[in-house]
Structure formats: C-alpha cells, structure tokens
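# Fold and contact review
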Amino acid sequence: MSLVFAGVCSHAPGITGRAERADNTIREELHANYDKMRQAIEDAGAEALVVVAAEHFANFFMDNMPAFCMGMADFYEGPIEDEEWLKIKRRRVPGNAGLSERLIKKIMQDVDVAYAQEWKFDHGIMVPLHFLTPRYDLDIVPVNINCQGPPLTPLHRAWAFGKALRLACDAASERIAIVGTGGISHWPATPDSGKINEEWDREFLDRFIANDREALISYSDEETYRDGGQGGFEIRTFISIAAACEGCKGELWYYAPIPIYAVGCTVAVISLH
Amino acid sequence: MSLYYVQKLIYNLNRDPKLVVRFKKNMEVVLAEYTLTDEELDAIRKPNIGLLYVLGVNGQLLMHYAALREYEWDDYIQAMKDGLSEYGEVRAGLYSRTGGGAL
C-alpha cells in the first residue's frame, strides 16, 4: 500500500493575504495545525503529495471545463495571483510527470479525467503548500474538481474519483500523501464574504469524520448554495478524500470560523489503519 | 449581455501579464477584441465593480480585476454591496441561478 497519508484543509486566500487581520491566538492555532499536518506528512515518509483542489478559474474556464483534471508535469508555477495580494512569493513548484502519468492511466480505467502539462497554481493549491511543504521539496500532483462553473461535477462522481485515486496510489511504488482542500461553507469574494454557517460546517464534518458515503453525497447543489454558499460546492474535494479512505474514520484536528479569512478554517485527517 | 466574454477578458488578464501591460497601455485595443455590450464596456472601463457583480461576474474573477484596478479588499466588498443597492439583484451567472445577490 503506497497511500501513506490522507487529510483535508482550507485554502482561502485570506489565510495568507489577510493573515494579520485575524486574532493572534486564533491565527497561531490554525498555523499550528497546518504545521502538525506538515509534520505528519513528513513522518509518513511521503515522496509525493496529491493535492485535490477546487481552483478558481486560473487554468480552467467555461471554454473547456473538465469535471476532473490532473497535472502531468515535472514542474508547475504559482501563485498566479499577485504576490503581494496573496503574500506568497511566486515560484516553481516541483512535479513528477512520470508518477502523474501512471496515476492518470490507472484512474482513467474508472473515471474520465483530463490532464494538463501546464498548470499555474492559484491560492487553492498555493496556500496549503505554503504551510505543508514550505521548502517546496516534495513532488506535487495537482488535481482539480470543477466546483466553480456549473454544471458542477456530481458528488457521487467526486466519490468515484476518490476511489479511483486510491487504487492508483496503491498501484504506485512511491509513498503518496493526498490532501483535499476546499470549503466548507463560505461565500468568498461576494458581498457576503465573511459569512460562515458553522452549524452546517459541523454537520458536514460529522459526516466526513464518520466517512458516511450516503450522507456525504446526499447534498443537492441547491441545498449547498442555500446553506453553504457557492464556496460550499468545494465539499467535492473533501468527499474525494473520504472516498479514497473508504472504511476508515476521520479525525478533526481544527475547526474555527474566521470571518476575515472568509471561511471556517479546517484541518482534519483520516486514519489509514 | 455577454457575461461569458466579460469573464473571459478577466480570466485572460489574470493569466497573462503581457495582456495586463497592453490593457493598461491601451485599454480600448484590448476591449475591441471581445464581444461586449456598451454597459459591460463602461463597467470595465470605469471600473464599476458593483455593476460588474450585478451583471454576474463571478467573485473569484472579479476580486482579481478589482485588485488590478487597485481596490483594497474592504473597498471591493463595499463596491459589490453598493452595486446591489443601485442596480438590483444579480442578473446572470452562478449567483442568479442559485438565488442571486446578498443573502
């Protein structure tokens, strides 16, 4: 078995771009839990990190929007956003085209996935990497699930992708970590930015921790928008990680609504044992 | 209304630093490359961030255009609120099909 770590975390641009505007104690707790995840990935001996993300029109637009796409390059770059705005310096990020190709070929047996040999990471990937691989010395395999431009990827297909990802990881010789990054409820970059539905978030997290497939994929997009905002559509990334770890339970390390970051900040893992 | 092309312009600006240089040097030349209505053109030129939001531009794109036009974060949020007050609910795109406007 080559999957050695699985977790989920938040990626909002405010986490780095407006870092200083949150309460010091809350910010330090969040950072400590990101760092705990970094340490866990390192302790697991991961040789590559698959980041299942929900990018925001940085590479994928309505002229050709894939339900799923995976990177297949030896390097990527990011952030695409203004460095000062995101407060993350632009850099080249290592990839592993060979590993990507093997994963993609395996996943394609079950799920139609597009691939990309160029990818400019936006905050959806760069914010997690800023904390999880601060030395940028771990090969990254980016994944995007369409959580932005309707028609969105159906939740049960996100689950199917996660299962296919697990099979692909298990067939690889490398030790692989997977991290999903997205929601939960938020209304980012809208007049409602900062609104967070903590009750809805915690209900979703209960389902995630229990790894309850039926409960996780039961949300309609209309319900999600009503209760979790358009940012709630990013639950697809968490669902794919749960699917990759089907039968295993999760553990919530951190959750706190932080309005200035425009999201309920989350760090959670799923035990692989 | 040609929301697709308004968003395509902003998407391209976000991805292409050379286009940003061209846009800043001669905005009209760049705008002529897109199929846009007079209302959309005026909103992009001014910029009228609130109207662009009401026209349906996704916030994940719009926030970057606002930053490009030197809006601070709080001013960007306020501009969208002002747009809803002045022009009414969001007319197209994700926010209109799923409920629109401020909740």
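Here's what I pulled together on the structure shown here. Because the structure is a prediction, the values reported are computed rather than measured. (Residues numbered from 1 in each chain as written. Chains lettered and ligands numbered in written order. Predicted model: local features only at pLDDT ≥ 70, side-chain atom pairs only at ≥ 80, totals over all residues.)

Let's shift gears to the nonpolar core. Counting 120 residues, the largest nonpolar core has Val-50, Ile-178, Ile-239 and Ile-241 of chain A together with Leu-62 of chain B as its most contacted members. When residues of this core are assigned to their parent elements, the largest contribution, eight residues, is made by helix H6 (residues 155-171) of chain A. Beyond its immediate sequence surroundings of up to four residues, Ile-178 of chain A is in contact with Leu-3, Ala-6, Val-50, Val-52, Leu-165, Cys-169, Ile-241 and Ala-244 of chain A. (Core = buried A, V, L, I, M, F, W, Y, C linked by C-beta atoms within 7 Å. Buried ≥ 20, exposed ≤ 12 C-beta atoms within 10 Å, placed from the backbone. Helix = DSSP H or I, 4+ residues; strand = E, 2+ residues; numbered from the N terminus. Contact = placed C-beta atoms within 7 Å.)

All names here are of chain A. In terms of burial, strand E10 (residues 263-270) is largely enclosed, as eight of its eight residues are buried. In terms of strand pairing, strand E1 (residues 3-9) meets E10 through three bridges, oriented antiparallel. Among the inter-strand pairings, Cys-9 is bridged to a residue of E10, identified as Val-267. Taking the residues between adjacent antiparallel strands as the criterion, strand E9 (residues 250-258) and E10 are bridged by four residues, where Ala-262 takes a positive phi near 65°. (Pairing = 2+ DSSP bridges.)

Through backbone hydrogen bonds, the strands of a sheet pair up, either in parallel or in antiparallel fashion. Residues and elements named next belong to chain A. Overall, mixed pairing links the eight strands, which are arranged E6-E3-E7-E2-E8-E1-E10-E9 in an open sheet. Lying at the two open borders of the sheet, with one neighbouring strand each, are strand E6 (114-116) and E9. For this sheet, the mean inter-axis angle between neighbouring strands, taken without regard to orientation, is 20°. Both strand E2 (residues 48-53) and strand E7 (residues 139-145) contribute to a ladder of six bridges, which runs parallel. In the strand pairing of E7, Ala-53 is matched with Asn-144. (Axes fitted to C-alpha atoms, helices over the stretch in contact; angles between N-to-C directions.)

The next point concerns the interface of chain A and chain B. Taken together, the contact between chain A and chain B spans 23 residues of the former and 23 residues of the latter. Residues belonging to the side of chain A that touches chain B are distributed by class as follows: 11 nonpolar, five polar and seven charged. (Nonpolar A, V, L, I, M, F, W, Y, C, P; charged D, E, K, R; others polar.)

Residues and elements named next belong to chain A. Its location among the elements puts Ala-164 in helix H6. Its 22 C-beta neighbours within 10 Å are what place Ala-164 among the buried residues. Distance from Ala-164 to Ala-243, taken between C-alpha atoms, is 8.8 Å for residues 79 residues apart in sequence.

Let's shift gears to the environment of Leu-138 of chain A. All names here are of chain A. The topology assignment puts Leu-138 in the loop between helix H5 (123-132) and E7. Taking the C-alpha atoms as reference points, Leu-138 and Arg-102, 36 residues apart in sequence, are found 18 Å from one another. Setting aside its immediate chain neighbours within four residues, Leu-138 contacts Ala-46, Ala-48, Leu-49 and Thr-133.

Glycine aside, residues mostly have negative phi, and peptide bonds are mostly found in the trans state. With omega at 0°, the peptide bond leading from Pro-150 of chain A into Pro-151 of chain A counts as cis. You can see Pro-151 of chain A is positioned in the loop between E7 and H6. The linkage connecting Lys-46 of chain B with the following residue, Pro-47 of chain B, adopts the cis geometry, with an omega of -10°. As for its placement among the helices and strands, Pro-47 of chain B is situated in the loop between helix H4 (38-45) and helix H5 (49-55).

With that settled, consider the packing of helix H4 (residues 97-107) of chain A against H6 of chain A. Residues and elements named next belong to chain A. Direction vectors running N to C along H4 and H6 enclose 130°, while the axes themselves pass 8 Å from each other. Taken together, the axes of H4 and H6 lie oblique to each other. Considering only the axes of H4 and H6, their crossing is right-handed. Seen from H4, the contacting residues are Leu-103, Lys-106 and Ile-107; seen from H6, they are Ala-164, Leu-165, Leu-167, Ala-168 and Ala-171. Each residue belonging to the contact of H4 with H6 can be placed in one class, and the counts come to seven nonpolar, no polar and one charged. (Parallel < 35°, antiparallel > 145°, perpendicular 65-115°, else oblique. Left-handed = near helix turned anticlockwise from the far one by under 90°.)

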